[in-house]
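# Structural characterization, general
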Amino acid sequence: MISHLCAATLALYILWIIMAQIAGQEDREKTTALKDLLSRIDLDELMKKDEPPFTFPKTLEEFEYAFNEYGQLRDLKTGEPFVFNAREDLHRWNQKRYEALGEIITQYVYELLEKKCNMTKAILPEDPTEDEPTSFIYLSPDALSNPSKLLVLIQGSGVVRAGQWARRLIINQDLDSGTQIPFITRAMEEGYGVMVLNPNENYLEVEKPAMSCPLPSPTEPSDEPAEKRERKDDKEGKKKREFYEKYRNPQKETETERIPIRENGSSEEHVLYVWDHFVSKAEAKNVFIMAHSYGGLSFVELMNQREMQVKNRACAVALTDSAHNIWLQETSKGTQDWMQQHCCNWVSSPEPVDTLLDPMLPDCPRVSAGTERHELTSWMSFDSIFRFFSKGLEAKEDEEAEETSNTVTTRSSSLKNKHQDL
């Protein structure tokens, strides 16, 4: 019985080995066939069908979009909102199209600042040479001459430029929520001069000069004629380069380099430059600052550099979802105490707007902006911010009135004492 069982087991084992060999042979045959099939595919032709060229319209009209009466971007034909995925499975092309539209939006907002808000550009730096790159800010007609109030607007980081809080909101929601226009118009109605900063315009981007090709490395000698070998090498090298470029980067983009703008090469440098050359020279007795996201960090850095000047001129500072950190930025105890009294940070939160939140750091009070979306915090805090500014001004005027009264009382007492002495 045992011998029969061993024989059966041996037979099964031999059968398993034979089947494995057959399967291995089939796999090898399949692999060979697959290699042969791949060798017949024209990879160049396969890659050509993927991506359209990166050529996009230069105006909103050519894009077939326009802003309606509510400031919403809409398709001129269908009336529908902007569609990011204009072509399925072509994310890079869709992104490039979105960026091209964003550049048009930037110019559109500049036009609104100039035509709707009657603002003018001031070139930075103030004394540029003929060939150096420049930036600019926007000033209301009375930004430097208004004797009472000046509002300074500082945006966050990224692609946004002067007059914008968030490109995404402008394109997908409306102009009111995504631009600084409502803040500017209300400030002007309430008697403020206005400065609109441009902290992300830090450099000029220029095309890199073409690089010279390196000399080919020496190869082993061949029996082929030199001319034939060179043609063959050039052909094969060209095909390899073309395939690599299409695989790595289907459309070769222009390589660029950045030339920084003097004294405005970063958001922090820009805010400091504008303070030194414009805000400090403005006649306004009371300066109000509103800063979003990274703009808040730039403001705190300004305080680190010009602490006494800011304390003497700034009446109130409104921050929205500020990115500042008083510990990492090593702010002084005096700055922290001043921020407690004169600053407020509206942060993203599900709580109702103006709800007081737990402080994370010992700097300024944190209240809810009434939204969990970072980019919406400025717009959702709109009314609260202007109320905060009004209260800040009232508190400062009351403080000054009290100081004046005390000074008058002291002088009166002094004169009375002198009279009694006489």
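Cut-offs and rules
- Residues numbered from 1 in each chain as written.
- Predicted model: local features only at pLDDT ≥ 70, side-chain atom pairs only at ≥ 80, totals over all residues.
- Heavy atoms only, no water.
- Helix = DSSP H or I, 4+ residues; strand = E, 2+ residues; numbered from the N terminus.
- Buried < 20%, exposed > 50% of the residue type's maximum accessible area, 1.4 Å probe, protein only.
- Contact = heavy atoms within 4.5 Å.
- Polar contact = N/O pair within 3.5 Å; in protein donor to acceptor, adjacent residues only side chain to side chain.
- Patch = residues over 30% accessible without salt bridge, like charges linked within 9 Å, V, L, I, M, F, W, Y side chains within 5 Å.
- Areas by Shrake-Rupley, 256 points an atom, 1.4 Å probe, with all protein chains shown as cover.
- Salt bridge = Lys/Arg side-chain N within 4 Å of Asp/Glu carboxyl O.
- Lys, Arg positive; Asp, Glu negative; His and termini not counted.
- Charge placed at Lys NZ, Arg CZ, Asp CG, Glu CD.
- Phe/Tyr/Trp six-rings, centres within 6.5 Å; stacked < 30°, edge-to-face > 60°.

## A word on the environment of Arg 373
Note that Arg 373 resides in the loop between strand 13 (366-368) and helix 13 (377-380). Here Arg 373 falls in the partly exposed class, since its relative accessible area comes to 37%. Each C-alpha atom of the pair Arg 373 and Asp 321 lies 9.7 Å from the other, and the pair is 52 residues apart in sequence. Not counting residues within four places of it along the chain, the set of residues in contact with Arg 373 comprises Leu 169, Gln 173 and Ser 348. Polar contacts involving the side chain of Arg 373 include one to the side chain of Glu 375, which spans 3.1 Å.

## Observations concerning the environment of Trp 165
With respect to the helices and strands, the residue Trp 165 is situated in the loop between strand 5 (149-154) and helix 5 (167-172). Overall, the relative accessible area of 4% leaves Trp 165 in the buried class. Along the primary structure Trp 165 and Gln 180 are separated by 15 residues, whereas in three dimensions their C-alpha atoms are 6.5 Å apart. Setting aside chain neighbours within four positions, we find Trp 165 in contact with Leu 153, Ile 154, Gln 155, Val 160, Ser 177, Gly 178, Thr 179, Gln 180, Phe 183, Met 290, His 292 and Ser 378. Of note is the side chain of Trp 165, whose polar atom sits 3.4 Å from the backbone oxygen of Thr 179.

## Focus: a negative patch on the surface
The grouping of Glu 394, Glu 397, Asp 398, Glu 399, Glu 402 and Glu 403 at the surface amounts to a negative patch. Its location among the elements puts Glu 402 in helix 14 (residues 382-421). A relative accessible area of 52% means that Glu 402 is categorised as exposed.

## Some points on unusual backbone geometry
The omega torsion of the bond from Leu 124 to Pro 125 falls at -10 degrees, within 30 degrees of zero and hence cis. Relative to the elements of secondary structure, Pro 125 occurs in the loop between strand 3 (120-124) and strand 4 (135-139). Unusually for a residue other than glycine, Asn 118 sits at a positive phi of about 60 degrees. Among the structural elements, Asn 118 can be located in the loop between helix 4 (91-115) and strand 3. Of note in this structure, Asp 321 is not a glycine but carries a positive phi near 45 degrees. Relative to the helices and strands, Asp 321 resides in the loop between strand 10 (314-320) and helix 12 (333-342). The class of Asp 321 is buried, set by a relative accessible area of 14%.

## Details of the packing of aromatic side chains
For the coordinates displayed, the defined rule picks out 20 aromatic pairs. Residues Tyr 110 and Tyr 138 carry aromatic rings whose centres are separated by 5.9 Å and whose planes lie at 40 degrees to one another, so their mutual orientation is tilted. With Tyr 110 in helix 4 and Tyr 138 in strand 4, the pair connects residues that are 28 residues apart, well separated along the chain. For Tyr 110, a relative accessible area of 7% translates into the label buried. Between Trp 346 and Phe 388, the ring centres sit 5.6 Å apart and the planes meet at 80 degrees, which makes this aromatic pair edge-to-face. Note that Trp 346 is positioned in strand 11 (residues 343-347) and Phe 388 in helix 14, a separation of 42 residues in sequence. Residue Trp 346 is classed as buried on the basis of its relative accessible area, which comes to 2%.

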